[in-house]
Structures are given as structure tokens and as C-alpha cells.
Amino acid sequence: MTLQSPPRRHHPGPAASGPVLPGAVLPGPVAPDLVERLPHEAVAVLHGANVGVLGLGRLGLQIARTLASLGARRLVLDDAGTVRHDDLGAGGYRLADLGRSRPAAAAGVLADSATTTAVSPGVLDGHDPGTLTAAVVVTHEQIDPACTWRLVAQGVPHLLVTWSRGRLEVGPGVIPGLTACLRCVDLHRADEGVPPARGRHAGSGVEDPVLALAGAGLAVARTFGLLAHGSAPRGLTRTTTLSLPDLAQRTEHWPVHPVCGCA
Ligand SMILES: [Zn+2]
């Protein structure tokens, strides 16, 4: 996938408004999305949707399998890596997949799942991201906002899922022009003295199977939020960080940053 750097826009804008401060920790039940009924509108959209899954470690594979089982029309699978030993086992790849390209192996796993979902294995370079209904991007370490700018520029709703220091962060879900993008999040964090994110390492690194299992359910629920964002945009503005040993969670809310220029 070829992702371009964002234009450098630094025009000032009005201060963010709303009752919740950027990065505020919100109280509430664990992953409330998971206990709500799946929105019918989103299910209908999924049945006609082309969804990209970028980063096909154990977590990305489970997200793809779940979206297929729920009737996604087509999945475009993107990962330049190969299946490793730590990708095998529960929720992961099969022993016979060891050493195969992750997109090809994931397509085989999906084929064995008896779904009707069409699968396009291979990196996204051969596809126009603008043809995607939505995308889920699973990365290791903080992702550079420049890497997702093409999705923002082409109006593709996308969910960021990030492994970092043994924790898993799900969100934000980005509806370009409507909700905060990843650059907005970095700008808010910079306001608080947190260094900006750097690098893109999609699909690399060891993925804990427990966090992957919990995170896949939450990521799919947030993906449904992307597909039916008109009815539930608020959940998309959150990042939920899961950590072991007890799946403790931290939830933060991110409004559009006034100087980002994405909305
Ligand atoms: Zn932004």
C-alpha cells in the first residue's frame, strides 16, 4: 500500500468544544460496544462492503475471520510479512501455513471457514484504497499519521489498532472530515508533551493471544461503528487500551484538533 505524507497545513481554527476534554479518561462498562446489538444498518452495509484489513498477525487474522463470518462482501488483505511460529495456534494460522505470505495464508484460512466472502490476498498496492468501504489497520508501535493520510484524503473510514509496549490500543475510528484522525490524536498528545508517533510496522512483532482475542471483538464492534457512523459516531472517537493480566482498560476521547485541517 502506498501511503502519502499529509500536506503541511497549520492554519489556526476555533478551539475544540464539547463536554469531554481531549484524552479524558471516561468511566463506563468494559467495551460497551460488545454488549449492544449490532446495528442492522451496519450489517446491511457490511454485506455490500469491501473492507481492507492491513496487518495480518494473529489479531488481523481474527478480525478478517469475524468480518467474513458476518457476511462481508470482499476483504482486501494487506501484509508484506510471512507466517511465523508465534502466528500459529489458537486464533492464528495453521502449521502448514508456516513460511507462507500472510495474505495468502489468511485467504486459505478464510476459505476453510465456508464463508461467501470474496478475498483479495496481497498487499494493497494493487488496489485503490478509495474503493474500500472501510479499513482496519493493525500496527506495531505507534503509527506515523502520515501513513494514514491517504485514507483520510480519499475519505475511507478506518480503524487504527496498535500494539505498543505489551498493550493493545483499539481506536480511534476515523470518519474523514467528521471525527479525529490519527494526526489529531498526535497533536493533542503533543499539546501534553508526548513525543509524536513514528514509523509503521504493520504486522510485525509478537501478538499475545489473549489480547488478540479480546481486541478482535472490540475492533470488529468499532468497525461496525465505521459502517454505520451516522448513528453512533461518538464511540469512534475513543481509544481503548487493553492490558494484561486482567484486561484492564483505559479509554480516552479525542475530538478533532483545531490545527489539523482534516475536518
Ligand atoms: Zn485530524
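The rules behind these values
Residues numbered from 1 in each chain as written. Predicted model: local features only at pLDDT ≥ 70, side-chain atom pairs only at ≥ 80, totals over all residues. Heavy atoms only, no water. Axes fitted to C-alpha atoms, helices over the stretch in contact; angles between N-to-C directions. Helix = DSSP H or I, 4+ residues; strand = E, 2+ residues; numbered from the N terminus. Left-handed = near helix turned anticlockwise from the far one by under 90°. Contact = heavy atoms within 4.5 Å. Nonpolar A, V, L, I, M, F, W, Y, C, P; charged D, E, K, R; others polar. Donors = N, O, S within 2.8 Å, 3.2 Å for Na, K, Ca; no water. Tetrahedral: all angles 85-135°; square planar, octahedral: opposite > 155°, others 65-115°. Buried < 20%, exposed > 50% of the residue type's maximum accessible area, 1.4 Å probe, protein only. Polar contact = N/O pair within 3.5 Å; in protein donor to acceptor, adjacent residues only side chain to side chain.

Colleague: Help me out: how do you make sense of the packing of helix H2 (residues 58-69) against helix H3 (residues 102-111) in this one?
Modeller: Any two packed helices are characterised by the angle at which their axes cross and by the distance between the axes. Packing of H2 against H3 leaves a shortest axis separation of 10 Å and a crossing angle of 35 degrees. As H2 packs across H3, the resulting crossing turns out to be right-handed. Touching Leu 61, Ala 64, Arg 65 and Ala 68 of H2 are Ala 106, Val 109 and Leu 110, all from H3. Split by residue class, the contact of H2 with H3 holds six nonpolar, no polar and one charged.

Colleague: Help me out: how do you make sense of the coordination of the zinc ion in this one?
Modeller: In a perfect tetrahedron of four donors around a metal, the angles come out at 109.5 degrees. In a perfect octahedron of six, they are 90 or 180 degrees. Taken together, the protein donors to the zinc ion comprise Cys 181 (SG), Cys 184 (SG), Cys 260 (SG) and Cys 262 (SG), at separations of 2.2 to 2.3 Å. Considering all four donor atoms around the zinc ion, the spread of angles at the metal, 100 to 122 degrees, places the coordination shape in the tetrahedral class. One chain supplies every donor for the zinc ion, spaced along it as C-x2-C-x75-C-x1-C. Remark: Cys 262 occurs in the segment after strand S8 (248-253) and Cys 184 occurs in helix H5 (residues 182-191); sequence separation between them is 78 residues. Considered together, Cys 184 and Cys 262 belong to a single accessibility category, that of buried residues.

Colleague: Just to check I follow, could you spell out H3 for this structure?
Modeller: Residues spaced three or four apart along an α-helix point in a common direction, a consequence of the helix completing one turn every 3.6 residues. Counting buried positions along H3 yields eight of ten residues, so the element is predominantly enclosed. All of the buried residues along H3 are Arg 102, Pro 103, Ala 105, Ala 106, Ala 107, Gly 108, Val 109 and Leu 110. Contact partners of the buried residues in H3: H2, strand S2 (74-78) and strand S3 (118-121). Two or three places before Ala 104, at the start of H3, stands the capping residue Ser 101, its side-chain oxygen 3.3 Å from that residue's backbone nitrogen.

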